Amino acid sequence: MTGHVFHEQRDELHGITVVIHGVSGRTYVGRWHERGSRGVIMRDVAIHDPDANALPLEEWLGKQRKFGIAVQEKHMIVPNEEAAEVSLLSV
Amino acid sequence: MPYPEMMVKPMRDDLIRLGVEELRSVADVDMALANSTGTALMFVNSVCGCAAAMARPGLAKALTGGVKPEKLYTVFAGQDLEATARARSYFGEYQPSSPSVALLKDGEVVAFVHRHEIEGRSADQLASVLTAAFETHCK
């Protein structure tokens, strides 16, 4: 078993699936790429908007955990001022 | 864009050495999964070091146990694109991620380990999750 992989290490959360709670009330689930001056760069992101989603947030998060991330955006930047709280999806 | 083959060969070989059959075409996948009966594991391989580094060793440890799926398959996400897309078409409402592991019984997914359940965990932890699924569904 070589354990051979690619990917240079970036920051602690690079490549990890996170939940970002936005100050707007929207919630973003996706892979953290890196945080830059413009915000958090994410990959393969699903977004919960309380004004648009039929499911309550916790139920929606449970669905993402069980069935995987229903990707809406392949790449996006969550502005630093929007990214209020970050946690791991798997916890 | 796929990586050069010579760079991913060690990752393919990690699984082939375990007795996992690699499926590299749509026809390969259909031959394996269409109308399948019994238990089958599908490991969606990945080059990603954030999660795959522990995924393959985790599977290796899980397969050392006494109970395991009757058939073991793998496709390589990002490399064998069509085969991977076809394999995912058998996963029902489970969303694509890589690496990931699907356990199927009589063609239906009965357990699924997503990438987000592999990230940050050790090979032993993943092996425990897989072993529990094998014990539940493969006896």
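Source: prediction; values computed, not measured.

Caption draft 1: Examining the overall build of chain A more closely. A tally of regular secondary structure across chain A gives one helix and five strands. Going from N to C terminus, chain A has its helices and strands arranged as β-β-β-α-β-β. Intrachain contacts of chain A at a sequence separation of at least 6 include 55% that bridge at least 24 residues.

Caption draft 2: Just unusual backbone geometry, in detail. Of note, the amide linkage connecting Ser98 of chain B to Pro99 of chain B takes the cis form, showing an omega dihedral of -5°. Among the secondary structure elements, Pro99 of chain B is positioned in the loop between α4 (81–88) and β4 (100–105). Here the phi dihedral of Asp44 of chain A falls at roughly 50°; this positive angle occurs in a residue that is not glycine. Among the structural elements, Asp44 of chain A can be located in strand β3 (residues 39–48). Positive phi values are uncommon outside glycine, yet Asn35 of chain B reaches one of about 60°. For Asn35 of chain B, a relative accessible area of 78% translates into the label exposed.

Caption draft 3: Highlighting the environment of Arg12 of chain B. Residue and element names in this part refer to chain B. Of note, Arg12 is situated in helix α1 (residues 5–16). It is 23 Å that separates the C-alpha atoms of Arg12 and Val109, two residues lying 97 residues apart in sequence. A polar contact of 2.5 Å, which involves the side chain of Arg12, links it to the side chain of Glu22.

Caption draft 4: The arrangement of the packing of aromatic side chains in detail. Enumeration according to the criterion identifies three aromatic pairs over all chains in this entry. Centroid distance Phe67 of chain A to Tyr94 of chain B: 5.1 Å. Interplanar angle 55°. Geometry classified as tilted. A residue pair is termed interchain when its members come from two chains, as with Phe67 of chain A in helix α1 (residues 57–67) and Tyr94 of chain B in the loop between α4 and β4. Relative accessible area serves as the criterion here: at 15%, Phe67 of chain A is assigned to the buried category. Overall, Tyr94 of chain B belongs to the buried group, its relative accessible area being 18%. Taking the centre distance of 5.4 Å and the plane angle of 75° together, the rings of Phe91 of chain B and Phe112 of chain B count as edge-to-face. With a gap of 21 residues between them, Phe91 of chain B in the loop between α4 and β4 and Phe112 of chain B in strand β5 (residues 108–113) connect regions that are remote in the sequence. Here Phe91 of chain B and Phe112 of chain B have matching classes, each one buried.

Caption draft 5: Examining the side chain of Ser100 of chain B more closely. Residues and elements named next belong to chain B. As for its placement among the helices and strands, Ser100 is situated in strand β4. With a relative accessible area of 1%, Ser100 lands in the buried category. The contact partners of Ser100, leaving out residues within four places of it in the chain, are Met42, Phe43, Val44, Phe112, Val113, His114, Arg115 and Ile118.

Caption draft 6: Fine view of the sheet that holds β5 of chain B. Residue and element names in this part refer to chain B. Within the open sheet, the five strands sit side by side as β1-β3-β2-β4-β5. Their pairing is mixed. Two strands bound the open sheet, and with one partner strand each, they are β1 (21–22) and β5. Bridging between strand β2 (residues 39–45) and strand β3 (residues 71–76) involves six bridges; their strand directions are parallel. Of the residues in β3, the one forming a bridge with Phe43 is Thr74. Along the sheet, α4 makes contact with β2 and β3, crossing β3 at roughly 130°.

Caption draft 7: Structural context of the pairing of β5 of chain B. Residue and element names in this part refer to chain B. The pairing of β4 with β5 spans five bridges and is antiparallel. What sits directly across from Leu104, in β5, is Val109. Counting the residues that bridge the hairpin from β4 to β5 gives two residues, and of these Asp106 lies at a positive phi of roughly 50°.

Caption draft 8: Main features of the interface of chain B and chain A. If you look at the interface, chain B gives 26 residues, while chain A gives 21 residues. Both faces considered, chain B and chain A share a buried interface measuring about 2,000 Å² in area, 62% of it formed by carbon and sulfur atoms. Counting the contacts that link chain B with chain A gives zero salt bridges. For the pair chain B and chain A, the number of links is six residue pairs in polar contact (both at pLDDT 80 or more). Looking at the side of chain B that touches chain A, the elements that each hand over two or more residues are α1 and α3 (52–62) of chain B.

Rules used in this analysis
Residues numbered from 1 in each chain as written. Chains lettered and ligands numbered in written order. Predicted model: local features only at pLDDT ≥ 70, side-chain atom pairs only at ≥ 80, totals over all residues. Heavy atoms only, no water. Helix = DSSP H or I, 4+ residues; strand = E, 2+ residues; numbered from the N terminus. Contact = heavy atoms within 4.5 Å. Buried < 20%, exposed > 50% of the residue type's maximum accessible area, 1.4 Å probe, protein only. Polar contact = N/O pair within 3.5 Å; in protein donor to acceptor, adjacent residues only side chain to side chain. Phe/Tyr/Trp six-rings, centres within 6.5 Å; stacked < 30°, edge-to-face > 60°. Pairing = 2+ DSSP bridges. Axes fitted to C-alpha atoms, helices over the stretch in contact; angles between N-to-C directions. Buried area = accessible area lost by both parts, 1.4 Å probe. Salt bridge = Lys/Arg side-chain N within 4 Å of Asp/Glu carboxyl O.

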